[in-house]
Amino acid sequence: MQTSANTGGDPVSPGSFERAKAIETPIRLRRADLFMLSLPMCRTFKSAYGASAGMKRAILVRLEDEDGTVGWGEAPAPERPVYGTDTPEGTWSVLADLILPGVMARTFSGPSQLAKTWEDLLGQHYAKHAAESASWAIASEKIGVPLALMWGGVRARIPVGESFSIYDNIELLLEEIALRLQEGFSRIKLKIAPGWDVSVVSAVKNAFPETPLSVDANCGYTVESGPWKELDDFDLLMIEQPLPGDALIELSTLQSTLQTPICLDESATGYNTTRTALHLGAGRIVNIKPPRLGGLLECFAVHDLCVDLEVPAWCGGTLETGIGRGFNLALASLPGFTMHADMSPARIFYEEDLVEPTFDIELDGCISVPSRPGNGFPVVPERVERLAIRKWSIGSTK
Ligand code: OSB
Ligand code: MG
C-alpha cells in the first residue's frame, strides 16, 4: 500500500486513515478458504469496455480466526482486464500463492498490521481488497461494533443512483430509467461511448429533467474525439473518466475547458495517483472504489485527501454482490462521501445474492448502512458452495 504514511508527501490531517490504522484487536488465522464462483447474471451490463453477460466469476475469501470468528471478502475481478489489469485467474493465484500463506498462524494486532504483509506487492488490488476486507469483518465482529461505526461513519443512509448500461436503443433505456426512478433511485449515471452519447444524454435529460444526471465514458475518448462542448451544455453532475486513466495531462487540459467537473475513476488507482491527478487539475471529483484501490485503508487515505482538498467523493461499484457492497455501504457513511453512490442491489444484475437478508433501495432513494458487526450482510455458505466452480484452502478448522 502506498499511502500518505510512506510517501514522504504532505501529511494528511488525522482522519479516517489514522483512525482505522489504530484499530486493534488480535487476529490469528487458523484457516483461509478461496471460492471461485460463477454467478448467473440476469442482465447484460455494457459499457465502453464491451458487455458482461451470462455468467460472471467472482472470488470470495473466507478467513477463520482461532477463536472461530469468520470474515468474508470479495474480489469482483472482471472477466477481461479492461477496467484495470486484474483478472480472476491472477487474483486467485496471488491470494493462494502469496497473500494467504503469509497471514496464517501469526498474531496480528489488527487489520492494518495484517495488510502490511503484502504491502511490497505491486498492483493486485482486487486480491488485496478481498483479504483486507475479510480481516475487517473479523475485527468488527470481535470488537462487536459495526464497520461504519468503527470507521467513523456519520450517516446511516446512503443516497444511491443507478449506473445504466449501454442499451440496444434509447427507448429501452428510457423504460429502464423510468422503472428505477419509481423504485427510488435518485441519480442517473449513463454509460457513454462513441455512438452512444449526445443524443442519448439529450433524450434522457428531456424525459427526466429533474433527476441529477451524470455520464461515465470509461476512458473511451480522446481530447479530440469527444463531444465535450455538447456534453458540457447539459448541466451534468460530472463526466466520469472521459480519457484513459493515465492521461493526466490531457485530462487536466480537458478539465480546464469544461464547466462540468471531471470525476476520476480509472485514474484513481491509489493515494499517490489520486493526489497527483488532483494536483494537476485532472479532475474535481473522485469515485472511491475499494477493489480498484486495493483495500479499505487506501480508500480511507484517498477519502481524507479529498476532505483536505475539499474535493467531493462518492463510492463507486464494480458489480459486487452483497458481500462487497456491505463494505462499500459502510465506507460511504464517512463524512467525505457527499454524492450518490453506485450501489445497485444484487437483484439488478444477478439471479441471486450471496447474502440473506440482502439490501434494497428504499423509497426515499437511500440504502441503509448495515448495523450488524462483521460482514454487513450475513453470507449464506450453502449458496457459496452451490455456485463454486473451484475451491482452495489452507490451515484447518481445529
Ligand atoms: O466505471 O463505474 C464504473 C462497474 C464495473 C466496472 C466499472 C464501473 C462499473 C459501474 C458501477 O458503472 C456499477 C455498479 O457496481 O453498480
Ligand atoms: Mg466509472
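The shown structure was predicted, so the numbers you read here are calculated from the model rather than taken from an experiment.

Student: What am I meant to see in the site of ligand 1 here?
Tutor: Residues in close proximity to ligand 1 total 16 residues, the closest being Ser-163, Lys-191, Asn-218, Lys-289 and Leu-319. Contact distances for ligand 1 include 2.8 Å between an oxygen atom and a side-chain N or O atom of Ser-163. Contacts to ligand 1 include Leu-319, whose backbone N or O atom sits 2.9 Å from an oxygen atom. When the residues that make up the shell around ligand 1 are grouped by side-chain class, the tally is three nonpolar, five polar and eight charged.

Student: Please clarify how the coordination of the magnesium ion (ligand 2) should be interpreted in this entry.
Tutor: In a perfect tetrahedron of four donors around a metal, the angles come out at 109.5 degrees. In a perfect octahedron of six, they are 90 or 180 degrees. Within the first shell, the magnesium ion (ligand 2) binds the protein through Asp-216 (OD), Glu-240 (OE) and Asp-265 (OD), at distances of 2.1 to 2.2 Å. Counting along the primary sequence, the residues that act as donors to the magnesium ion (ligand 2) give the motif D-x23-E-x24-D. Of this pair, Glu-240 sits in strand β10 (residues 239-240) while Asp-265 sits in the loop between β11 (262-264) and α11 (271-280); the two residues are 25 residues apart in sequence, bridging distant segments of the chain. Neither residue differs from the other here; Glu-240 and Asp-265 are each classed as buried.

Student: Can you walk me through helix α8 (residues 198-207) in this structure?
Tutor: Counting along an α-helix, one turn takes 3.6 residues, and residues three or four places apart therefore face a common direction. Of all the positions in α8, only Val-200, Val-201, Ala-203 and Val-204 are classed as buried. For α8, the arc enclosing every buried residue in end-on projection is 160°, short of the 170-degree limit, so these residues lie on one face. Contacts from the buried residues of α8 go to α7 (170-183), β8 (188-191), β9 (213-216) and α9 (228-232).

Student: Mind showing me how you'd approach the nonpolar core here?
Tutor: As a rule of thumb, soluble globular proteins bury nonpolar side chains together. Counting 125 residues, the largest nonpolar core has Trp-136, Trp-151, Leu-190, Phe-300 and Leu-331 as its most contacted members. The leading source of residues in this core is helix α5 (residues 125-143), at nine residues. Residues contacting Trp-136, with those up to four places away along its chain left out, are Ala-20, Ile-23, Pro-111, Leu-147, Met-150, Trp-151, Leu-296, Leu-297, Phe-300 and Phe-327. Core analysis: the next-biggest nonpolar cluster, separate from the first, contains five residues, Met-238, Cys-263, Ile-285 and Trp-314 among them.

Student: Sorry if this is basic, but what is going on with the side chain of Arg-30 here?
Tutor: Relative to the elements of secondary structure, Arg-30 occurs in strand β1 (residues 27-40). In this structure the side chain of Arg-30 is engaged in a polar contact, spanning 2.8 Å, whose partner is the side chain of Glu-64. Polar side-chain contacts of Arg-30 include one of 3.1 Å to the backbone oxygen of Glu-66. Apart from residues no more than four positions distant in its own chain, Arg-30 is found in contact with Glu-64, Asp-65, Glu-66, Gly-68, Met-104, Ile-394, Gly-395, Ser-396, Thr-397 and Lys-398.

Student: Explain α11 to me, please; I cannot follow it from the model alone.
Tutor: Those residues of α11 that fall on the buried side of the exposure criterion are Tyr-271, Thr-274, Ala-277 and Leu-278. The arc that holds every buried residue of α11, seen down its axis, measures 135°, which confines them to one face. A positive phi of about 75° marks Gly-281, the residue just after α11.

Student: Would you mind showing me how to read the environment of Lys-189 here?
Tutor: Following the sequence through the fold, Lys-189 ends up in strand β8. Each C-alpha atom, one on Lys-189 and one on Val-215, is 5.2 Å from the other, the two residues being 26 residues apart in sequence. The contacts of Lys-189, once residues within four sequence positions are left out, are Glu-162, Ser-163, Phe-164, Ser-214, Asp-216, Glu-240, Trp-314 and Asp-342. Of note is the side chain of Lys-189, whose polar atom sits 3.3 Å from the side chain of Asp-216.

Student: Explain the packing of aromatic side chains to me, please; I cannot follow it from the model alone.
Tutor: Any aromatic ring pair is given by two values, namely how distant the centres are and how the planes are angled relative to each other. Summed over all chains, the structure comprises eight aromatic pairs. Aromatic side chains Phe-45 and Phe-349 sit 5.3 Å apart centroid to centroid with 85° between the ring planes, which places their arrangement in the edge-to-face category. Within this pair, whereas Phe-45 is found in strand β2 (residues 45-47), its partner Phe-349 is found in the loop between β14 (341-342) and β15 (366-368), the two being separated by 304 residues in sequence. For the pair formed by Phe-45 and Phe-349, the shared burial category is buried. Joined through ring pairs, the aromatic side chains of Trp-136, Trp-151 and Phe-300 make up one cluster. Between Arg-187 and the ring centre of Trp-314, over which it is positioned, the NZ or CZ distance is 5.4 Å.

Student: So what exactly am I meant to see when it comes to unusual backbone geometry here?
Tutor: For the bond from Glu-356 to Pro-357, the omega torsion is -5°, close enough to zero to count as cis. With respect to the secondary-structure elements, Pro-357 resides in the loop between β14 and β15. Its identity is not glycine, yet Ala-105 carries a phi of approximately 55°, on the positive side. When you line up the elements, Ala-105 lands in the loop between α3 (88-99) and β6 (107-108). Exposure remark for Ala-105: the relative accessible area of 45% places this residue in the partly exposed category. Positive phi, normally seen in glycine, also occurs at Leu-319, with a value near 55°. Looking at the element boundaries, Leu-319 is found in the loop between β13 (313-315) and α14 (322-331).

Student: What is the right way to read the environment of Pro-373 from this model?
Tutor: Relative to the elements of secondary structure, Pro-373 occurs in the loop between β15 and α15 (381-387). Residue classification places Pro-373 among the partly exposed residues on the basis of a relative accessible area of 26%. Residues Pro-373 and Leu-258, spaced 115 residues apart in sequence, show a C-alpha to C-alpha distance of 44 Å.

Student: Please explain the side chain of Arg-57 as it appears in this structure.
Tutor: Position of Arg-57 among the secondary structure elements: in strand β4 (residues 55-65). Of note is the side chain of Arg-57, whose polar atom sits 3.0 Å from the side chain of Glu-89. Excluding anything up to four places from it in sequence, Arg-57 contacts Met-36, Leu-37, Ser-38, Ala-77, Glu-79, Pro-88, Glu-89, Ile-389 and Arg-390.

Conventions used here
- Residues numbered from 1 in each chain as written.
- Chains lettered and ligands numbered in written order.
- Predicted model: local features only at pLDDT ≥ 70, side-chain atom pairs only at ≥ 80, totals over all residues.
- Heavy atoms only, no water.
- Near = heavy atom within 4 Å.
- Polar contact = N/O pair within 3.5 Å; in protein donor to acceptor, adjacent residues only side chain to side chain.
- Nonpolar A, V, L, I, M, F, W, Y, C, P; charged D, E, K, R; others polar.
- Donors = N, O, S within 2.8 Å, 3.2 Å for Na, K, Ca; no water.
- Helix = DSSP H or I, 4+ residues; strand = E, 2+ residues; numbered from the N terminus.
- Buried < 20%, exposed > 50% of the residue type's maximum accessible area, 1.4 Å probe, protein only.
- Arc of directions from axis to C-beta.
- Contact = heavy atoms within 4.5 Å.
- Core = buried A, V, L, I, M, F, W, Y, C linked by side-chain atoms within 4.5 Å.
- Phe/Tyr/Trp six-rings, centres within 6.5 Å; stacked < 30°, edge-to-face > 60°.
- Lys NZ or Arg CZ within 6 Å of the ring centre and 35° of its normal.

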